[in-house]
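Given next are the chains, with one letter for each unit.
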Amino acid sequence: MTCPDKPGQLINWFICSLCVPRVRKLWSSRRPRTRRNLLLGTACAIYLGFLVSQVGRASLQHGQAAEKGPHRSRDTAEPSFPEIPLDGTLAPPESQGNGSTLQPNVVYITLRSKRSKPANIRGTVKPKRRKKHAVASAAPGREALVGPSLQPQEAAREADAVAPGYAQGANLVKIGERPWRLVRGPGVRAGGPDFLQPSSRESNIRIYSESAPSWLSKDDVRRMRLLADSAVAGLRPVSSKSGARLLVLDGGAPGAVLRCGPSPCGLLKQPLDMSEVFAFHLDRILGLNRTLPSVSRKAEFIQDGRPCPIILWDASLSPASNDTHSSVKLTWGTYQQLLKKKCWQNGRVPKPESGCTEIHHHEWSKMALFDFLLQIYNRLDTNCCGFRPRKEDACVQNGLRPKCDDQGSVALAHIIQRKHDPRHLVFIDNKGFFDRSEDNLNFKLLEGIKEFPASAVSVLKSQHLRQKLLQSLFLDKVYWESQGGRQGIEKLIDVIEHRAKILITYINAHGVKVLPMNE
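Residues numbered from 1 in each chain as written. Predicted model: local features only at pLDDT ≥ 70, side-chain atom pairs only at ≥ 80, totals over all residues. Heavy atoms only, no water.

**Some details on the state of the cysteines**
Considering all chains together, one arrives at 4 disulfides under this definition. Between Cys343 and Cys356 runs a disulfide, and the two sulfur atoms are separated by 2.0 Å. Between Cys343 and Cys356, the disulfide has an S-S torsion of -75 degrees and is therefore left-handed. Of this pair, Cys343 sits in the loop between α7 (332–341) and α8 (361–374) while Cys356 is found in the loop between α7 and α8, placing the two residues 13 residues apart along the sequence. The partly exposed category is assigned to Cys356, whose relative accessible area is 22%. With a sulfur-sulfur separation of 2.0 Å, Cys385 is cross-linked through a disulfide to Cys404. (Disulfide = S-S within 2.5 Å. Helix = DSSP H or I, 4+ residues; strand = E, 2+ residues; numbered from the N terminus. Buried < 20%, exposed > 50% of the residue type's maximum accessible area, 1.4 Å probe, protein only.)

Here it is in structure tokens:
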């Protein structure tokens, strides 16, 4: 055995000379192990392991030094990792003398945001455009004044004959109150008034994937594109008493009279009613399917040109009264009695003396859930008795707030059915409020409800509501941009998600049942 030449190695050799014989003696000894010998042997074993690791590290460093060679000095050595700026930017690559660039070693760090982002929105990557067959454009039109010339008394009477109840209950925008501007369009329908057609061939309903989201039917997509892209062939007043307007879209038979029926129509509402579009997509995602298709569209022939919601006109809706805009007259007290009787549930035909309407019991549960998430009060709480209204709310402007003392006699509004399907409701006037604070939510909308639809509650619990709303609302290009893009849409979804959690807590606290409602 050679003697070490360094002090550190000499110490290691001395300790090993003491430990190795003692460990060997303890190993070969037949006597019982004492505590002292056991501790000493353990300490020597640990040291031997440490020594072996030191020898391996030293040999590795020696090999690396041999590869680098003696020509690299310590002064010219560069650090292993460059400094990463805190703002996430990196300096451009440094150029060398031979014209090449030196790429730095970059370490990418991904910070998780406060809100966990959903999966990528389906269809955010726009595909390559394919060649399409040429479409013959209409003949150029003349310059026309859009406004008073389109409001004859005959047109007003004609619109009243279509579906007066639903028309009057829509609270549409009064276009005639403001001056109209001259419009000149390259493509107008021959024989009709001059309206500006869509400026682009590209549809405002963008679907870049193979199919639309599963919660939207083919009819939904077709009607959305009809409302968003069709040229406006005419304008009709909804009622002779109101200045609201009905858009007659270019989709009827050639030469047909411009009226709703032969041609598709859409209800033009105020820009402040843009939540109607959000309500339509939320309804489809929850599996309720009770709202009419709604899109956002820039009405070029209106002076300000702001995006407005357009709701599909449905002539199959039952006629409504002028007072409550409902096809069924109900008060709050009668409504609470109907909830207890559970009319038509489980296929039971109610007795004639029960006072049941033709509406199925489950329809009230779906409407209450839908109205609570969007805080729609104009159906079940027209007098704003369940929350603190603002000056802008209709109940305050109409002086209905002081009438909350006798709530049992307050009439429900906007309770609409279809003529051929009286068992189910149709949700109209779905103007929601996203600025209602948590301590001012209207829980009166849930009063008397003992069951909720399982399909809708499962969506609220699935943690996929945000992702589905983003995918669905992205289809409506005008609405998406009018709300500030994804950042604005995310804020609206935050409100709905928070209310969904409150609703789930309410269900658990009050023992509300969750039942399948497929009727």
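**A few points about the pattern of salt bridges**
According to the stated counting rule, one finds 16 salt bridges in the structure shown. Note that Glu490 is salt-bridged to Arg466, the shortest N-O span being 2.2 Å. On the criterion of sequence distance, the pair formed by Glu490 in helix α13 (residues 485–510) and Arg466 in helix α11 (residues 465–473) is long-range, its members being 24 residues apart. Arg466 matches Glu490 in its accessibility class, with the two residues each being buried. One salt-bridge network, in which partners are shared between bridges, spans Arg466, Arg486, Glu490, Asp494 and Glu497. (Salt bridge = Lys/Arg side-chain N within 4 Å of Asp/Glu carboxyl O.)

**Let's talk about the environment of Ala454**
Looking at the secondary structure, you find Ala454 in helix α10 (residues 454–461). Put simply, Ala454 and Asn518 are 64 residues apart on the chain and 9.6 Å apart in space, counted from C-alpha to C-alpha. The contact partners of Ala454, leaving out residues within four places of it in the chain, are Val514, Leu515 and Pro516. (Contact = heavy atoms within 4.5 Å.)

**Some words on the side chain of Ser472**
Its place among the elements puts Ser472 in helix α11. Residue class for Ser472 comes out buried when judged on its relative accessible area of 0%. Here Ser472 is in contact with Trp215, Leu216, His281 and Ile285, once residues within four sequence places are set aside.

**Description of α10**
Listed as buried for α10 are Ala456, Val457, Val459 and Leu460. Buried positions in α10, seen along its axis, are confined to an arc of 155 degrees and lie on one side of it. At the exit of α10 stands Gln463, carrying a positive phi of roughly 65 degrees. (Arc of directions from axis to C-beta.)

**Notes on the packing of α11 against α13**
Where α11 meets α13, the axes come as close as 10 Å, and the angle between the chain directions of the two elements is 140 degrees. Between α11 and α13, the crossing angle belongs to the class labelled oblique. For the crossing formed where α11 meets α13, the hand is right-handed. Along the contact surface, α11 presents Leu465, Arg466, Leu469, Leu470 and Leu473, while α13 presents Arg486, Ile489, Glu490, Ile493, Asp494, Ile496 and Glu497. Grouping the amino acids of the contact of α11 with α13 by side-chain chemistry returns 7 nonpolar, no polar and 5 charged. (Axes fitted to C-alpha atoms, helices over the stretch in contact; angles between N-to-C directions. Parallel < 35°, antiparallel > 145°, perpendicular 65-115°, else oblique. Left-handed = near helix turned anticlockwise from the far one by under 90°. Nonpolar A, V, L, I, M, F, W, Y, C, P; charged D, E, K, R; others polar.)

**Structural notes on the packing of helix α6 (residues 275–286) against α8**
Remark: α6 packs on α8, axes separated minimally by 11 Å, with the N-to-C direction vectors making an angle of 135 degrees. Comparing the axis directions of α6 and α8 gives the class oblique. Here α6 and α8 pass one another in a crossing that is right-handed. Of α8, the residues touching α6 (which contributes Phe278, Ala279, Leu282, Asp283 and Leu286) are Leu369, Phe370, Leu373 and Leu374. Of the residues contributing to the contact of α6 with α8, the split by class is 8 nonpolar, no polar and 1 charged.

**Regarding the pairing of strand β9 (residues 307–312)**
Sheet faces and side chains relate simply in a regular strand, where the side chains alternate between the two faces. Buried residues dominate β9, accounting for 6 of its 6 residues. Residue alternation in β9 divides its side chains into two sets, Pro307, Pro309 and Ile311 and Cys308, Ile310 and Leu312, and both sets are buried. Pairing of strand β7 (residues 265–268) with β9, which is carried by 3 bridges, proceeds in the antiparallel orientation. Counterpart to Gly266 in the pairing with β9 is Leu312. Pairing analysis gives 5 bridges linking strand β8 (residues 294–298) to β9, with the strands arranged antiparallel. (Pairing = 2+ DSSP bridges.)

**Observations regarding α8**
Of all 14 residues making up α8, 14 are buried, and the element is well covered by its neighbours. One or two positions beyond α8, positive phi appears at Gln375, with a value near 55 degrees.

**Brief notes about the confidence of the model for the protein**
When the pLDDT values of the protein are averaged, the result is 74; 62% of them are 70 or greater. In the predicted structure, residues 68–114 sits below a pLDDT of 50 and forms 15 contacts with residues beyond four places in sequence or in another chain. Ignoring residues within four places in sequence, the model shows residues 116–125, a span with pLDDT below 50, making 24 contacts including any to other chains. (pLDDT = per-residue confidence, 0-100.)

**Brief notes about the side chain of Ser230**
Tracing the chain through its elements places Ser230 in the loop between α5 (218–229) and β5 (232–237). Residue classification places Ser230 among the buried positions, given a relative accessible area of 11%. Here Leu226 takes part through its backbone oxygen, which lies 2.8 Å from a polar atom of the side chain of Ser230. (Polar contact = N/O pair within 3.5 Å; in protein donor to acceptor, adjacent residues only side chain to side chain.)

**With respect to the packing of aromatic side chains**
Considering all chains together, one arrives at 9 aromatic pairs under this definition. Look at Tyr335 and Trp364: their rings are 5.2 Å apart centre to centre, the planes differ by 70 degrees, and that puts the pair in the edge-to-face class. Taken together, the residues Tyr335 in helix α7 and Trp364 in helix α8 connect sequence positions 29 residues apart. A residue is classified by how much of its surface remains accessible, and Trp364, at 2% relative accessible area, is buried. Taking the centre distance of 5.3 Å and the plane angle of 85 degrees together, the rings of Phe474 and Trp480 count as edge-to-face. Of the residues examined, Phe474 reaches a relative accessible area of 8% and is grouped as buried. Taking the relative accessible area as the measure of exposure, Trp480 reaches 8% and is therefore buried. Chaining the aromatic ring pairs together yields one cluster made of Trp332, Tyr335 and Trp364. The ring of Phe474 carries the charged tip of Arg206 above its face, separated from the ring centre by 3.8 Å. Note that Arg436 overlies the ring of Phe387, its terminal NZ or CZ placed 4.2 Å from the centroid. (Phe/Tyr/Trp six-rings, centres within 6.5 Å; stacked < 30°, edge-to-face > 60°. Lys NZ or Arg CZ within 6 Å of the ring centre and 35° of its normal.)

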